[in-house]
Amino acid sequence: MKVEALNIHPLKSGRAIPVESASVRLDGLAGDRRFMIVEPDGRCITQRELQMLARVEATPVGESLHLEMEGRQLFASFEPEDRLDVTIWDTPVNAAVADEAVNEALSDWFARPVKLVHMDAAAHRAEGEEWAGKPVPVRFADGFPVLVTTTGSLADLNRTLVAKGQEPVGMDRFRTNILVTCEEPWQEDFWQTIQIGGVTFDLVKPCARCIMTTQDQMTGERIGGNPIQGLAEKRMSADRRVPGVLFGWNAVPRAEGDIRLGDAVEVKATRAERWPLKVRA
């Protein structure tokens, strides 16, 4: 097995950036989900309610961010003393906030009041104690530093979609960080620990999927195959702690280092049993 693709998402819910190599930190891949669009009161905004975010290309430039959407461009910088208390899924974070000119321009882009925030060195967030054994540092990802998926599982999902008369979907629908070449579908359910380029990752919790997987990741439109319907065939969680349909695993880096495309992926520890799934009648 090897690393087939690496992606970072500098702006939460913005477009993915494929990379050939990535620096792994304890809080995720360098450059991943360091910026976020929020309501004026600090509540996070994602593609779930603002589908246009899929059209935004965000490129980090040091501690600043270049944004582009449909020909419009912005450059956002952040002063460490300008801060806003924000919430991401009920977790508070004190983040740096862009200046009013940037926020007004973004509000015009999206036709609603918004602000842009940055998880800089002074911002802190830790999650996942129940699953990781202790709280782990996380940026603006939903709950864990890294998401791991496999080619075989996507292929199996697409076979299900085609059998239902729907179009196959790309891996971009699942906003993964590390895509692993693995022909056997759903083998990641058994992986407890993997190693890539000398960096160890614990796969701690399966990822429940939401309506964002039904959205085209270039336009934000809900078109094409519906992964939720396909996953409901055989990937419905039977464990109430993680309800819904499952695709991919949330992972926690246990060390820092560099990984790159083509790196071997070695399974260092396995689970005896697959995550419990409902059997469809």
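Residues numbered from 1 in each chain as written. Predicted model: local features only at pLDDT ≥ 70, side-chain atom pairs only at ≥ 80, totals over all residues. Heavy atoms only, no water.

Colleague: I would appreciate a short explanation of the overall build of the chain in the present structure.
Modeller: Across its full length, the chain holds 4 helices and 20 strands. Computed over the C-alpha atoms, the radius of gyration of the chain is 19 Å, within 12% of the 19 Å expected from 2.2 N^0.38 for a compact globule of 281 residues. By principal-axis analysis of the C-alpha atoms, the chain measures approximately 55 × 40 × 35 Å. Every one of the 281 residues in the chain was classed for burial, and the buried ones make up 53%. In the chain, 71% of the contacts between residues at least 6 apart in sequence involve partners at least 24 apart. Accessible surface for the chain amounts to roughly 12,400 Å². Of this, 49% is attributable to carbon and sulfur atoms. With 34 positive and 42 negative side-chain charges, the chain shows a separation of 6 Å between the mean positions of the two kinds. (Helix = DSSP H or I, 4+ residues; strand = E, 2+ residues; numbered from the N terminus. Rg over C-alpha atoms; globule rule 2.2 N^0.38 Å. Buried < 20%, exposed > 50% of the residue type's maximum accessible area, 1.4 Å probe, protein only. Contact = heavy atoms within 4.5 Å. Areas by Shrake-Rupley, 256 points an atom, 1.4 Å probe, with all protein chains shown as cover. Lys, Arg positive; Asp, Glu negative; His and termini not counted. Charge placed at Lys NZ, Arg CZ, Asp CG, Glu CD.)

Colleague: Which parts of the structure should I look at to understand the pairing of strand β3 (residues 21-25)?
Modeller: Both faces of the sheet carry side chains from a regular strand, because those side chains alternate between them. On β3, burial follows the alternation: A22 and V24 on one face are buried, whereas S21, S23 and R25 on the facing-out side are not. When β3 meets strand β19 (residues 257-260), the two strands line up antiparallel, connected through 4 bridges. Note on β19: the bridge partner recorded for S21 is R260. Across 2 bridges, β3 lies against strand β4 (residues 28-29) in antiparallel orientation. (Pairing = 2+ DSSP bridges.)

Colleague: What exactly am I supposed to notice about the environment of T87 here?
Modeller: Considering the arrangement of structural elements, one finds T87 in strand β9 (residues 83-88). On the basis of relative accessibility, which here comes to 29%, the residue T87 falls in the partly exposed class. If we skip the residues at most four places from it in the chain, T87 touches G42, R43, C44 and P92.

Colleague: What am I meant to see in the nonpolar core here?
Modeller: Nonpolar side chains in soluble globular proteins generally cluster together in the buried interior. In terms of nonpolar packing, the biggest core is built from 33 residues, with L6, V148, I178, I194, I196, F201 and I259 touching the most fellow members. Residue contacts for I194: discarding those within four places in its chain leaves V148, V199, T200, F201, L203, V265, E266, V267 and K268. Counting residues in hydrophobic clusters, the runner-up holds 22 residues, among them L53, A96, F110 and V114. (Core = buried A, V, L, I, M, F, W, Y, C linked by side-chain atoms within 4.5 Å.)

Colleague: Hey, could you run me through the packing of aromatic side chains in this one?
Modeller: Any pair of aromatic rings gets described here by the distance separating the centres and the angle formed by the planes. Inspection of every chain in the model, using the stated rule, returns 5 aromatic pairs. Summarising the aromatic geometry, the rings of F174 and F247 are spaced 4.0 Å apart at their centres and angled 20° between planes, so their arrangement reads as stacked. With F174 in the loop between α3 (151-163) and β15 (178-181) and F247 in strand β18 (residues 246-253), this pair connects stretches of sequence that are 73 residues apart. Across the pair, exposure class does not vary: F174 and F247 are buried alike. Between the aromatic rings of W249 and W275, the centroid separation amounts to 6.3 Å while the plane-to-plane angle is 85°, which identifies the pairing as edge-to-face. Of this pair, W249 sits in strand β18 while W275 sits in the segment after β20 (265-270), and the two are 26 residues apart along the sequence. The same class applies to W249 as to W275, namely buried. What links up through ring pairs into an aromatic cluster is the set W131, W249 and W275. (Phe/Tyr/Trp six-rings, centres within 6.5 Å; stacked < 30°, edge-to-face > 60°.)

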